[in-house]
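# Tertiary structure, described
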Amino acid sequence: QVQLVESGGGMVQAGGSLRLSCVASGFIFSINSMGWYRQGPGKQRELVATSTSRGSTNYADSVKGRFAISRDNAKNTVYLQMSSLKPEDTAVYYCNAEIQTDWGSVENYWGQGTQVTVSS
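Attention in this report is confined to the structure presented alongside it. These numbers come from a predicted model, not from an experiment.

Our next topic: the sheet that holds strand β1 (residues 2-7). Strands pair in a sheet through their backbones, by hydrogen bonds, and they do so in one of two ways: parallel or antiparallel. Pairing is antiparallel across the open sheet formed by four strands, whose spatial order is β1-β3-β8-β7. Both outer strands of the open sheet, β1 and β7 (67-72), are each paired with one neighbouring strand and no more. Ignoring which end each strand starts from, the neighbouring axes of this sheet average 15° apart. Here six bridges tie strand β3 (residues 18-26) to strand β8 (residues 77-82), and the two strands are oriented antiparallel to one another. Counterpart to Ser-21 in the pairing with β8 is Tyr-79.

Here it is as C-alpha cells:
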C-alpha cells in the first residue's frame, strides 16, 4: 500500500507564488521518479514537471522559467515551487510517482489532488 498526499494548494493573485508538497508513504523500496500533473476546467490532465531519482527534470513549455520541481529523497517528498502564477495555471494539481515497492514491483501512483486557483 502506497499513498501520495499533496498539500500547499490555495488561492493566490496573478503574479503570486505557491509551493506544493507531495509525500509518499507505504511499502516503498525506492522511488524512481516523482512529478506533478494538472487538470484545469474543461481540459485534459497534462504534465507539469517530473524529476527522476538521478536529478533529471522535465517541464511543460507553459511553466518553464516559472515553476521549479525539487525532491527530498530522504523524506520521499517532491515539491513544486510555482512563481509568477497566471490565471491559466488554475487547476487541480496531482502528484504522481513511479515507485518500486518492498516486494519488487514497479507501479505508478497518484495523489488525490490539490486545488490551485489564480485570480486576475
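The rest of the description comes next.
For the rest of this paragraph, the subject is the nonpolar core. Residues Trp-36, Leu-80, Met-82, Tyr-93 and Ile-99 are the most contacted members of the largest nonpolar core, which totals 30 residues. If you list the elements that add at least two residues to this core, you get β1, β3, β4 (28-39), β5 (46-52), β7, β8, β9 (91-101) and β11 (114-119). A total of five residues in this core trace back to one element, the largest contributor, which is β9. If we skip the residues at most four places from it in the chain, Met-82 touches Gly-16, Ser-17, Leu-18, Leu-20, Arg-66, Phe-67, Tyr-93 and Val-116.

Let us look at the packing of aromatic side chains. In the structure shown here, the tally under the stated rule is two aromatic pairs. Considering the side-chain rings of Tyr-37 and Trp-110, the 5.0 Å spacing of their centres and the 65° angle between planes classify their relative orientation as edge-to-face. Here Tyr-37 is found in strand β4, whereas its partner Trp-110 is found in strand β10 (residues 106-110), with 73 residues between them in sequence. Residue classification places Trp-110 among the partly exposed positions, given a relative accessible area of 38%. Lying across the ring of Tyr-79, Arg-19 places its NZ or CZ 3.9 Å from the centre. The cationic tip of Arg-45 hangs over the ring face of Tyr-94; the distance from NZ or CZ to the ring centre is 3.8 Å.

On to the side chain of Ser-105, then. Relative to the elements of secondary structure, Ser-105 occurs in the loop between β9 and β10. A relative accessible area of 19% places Ser-105 in the buried class. Only 2.8 Å separates the side chain of Ser-105 from the side chain of Trp-103, close enough to count as a polar contact. If near-sequence neighbours (up to four positions away) are discounted, Ser-105 is found in contact with Ile-99 and Gln-100.

Now for the state of the cysteines. Following the criterion strictly, the structure yields one disulfide and no others. Across a sulfur-sulfur distance of 2.0 Å, Cys-22 and Cys-95 are joined as a disulfide pair. Judged by the sign of its S-S torsion, about -85°, the cystine formed by Cys-22 and Cys-95 is left-handed. Placement of Cys-22 in strand β3 and of Cys-95 in strand β9 is noted, with a sequence separation of 73 residues between them. Relative accessible area serves as the criterion here: at 0%, Cys-22 is assigned to the buried category.

Each value, and the rule that gives it
- Residues numbered from 1 in each chain as written.
- Predicted model: local features only at pLDDT ≥ 70, side-chain atom pairs only at ≥ 80, totals over all residues.
- Heavy atoms only, no water.
- Pairing = 2+ DSSP bridges.
- Helix = DSSP H or I, 4+ residues; strand = E, 2+ residues; numbered from the N terminus.
- Axes fitted to C-alpha atoms, helices over the stretch in contact; angles between N-to-C directions.
- Core = buried A, V, L, I, M, F, W, Y, C linked by side-chain atoms within 4.5 Å.
- Buried < 20%, exposed > 50% of the residue type's maximum accessible area, 1.4 Å probe, protein only.
- Contact = heavy atoms within 4.5 Å.
- Phe/Tyr/Trp six-rings, centres within 6.5 Å; stacked < 30°, edge-to-face > 60°.
- Lys NZ or Arg CZ within 6 Å of the ring centre and 35° of its normal.
- Polar contact = N/O pair within 3.5 Å; in protein donor to acceptor, adjacent residues only side chain to side chain.
- Disulfide = S-S within 2.5 Å.

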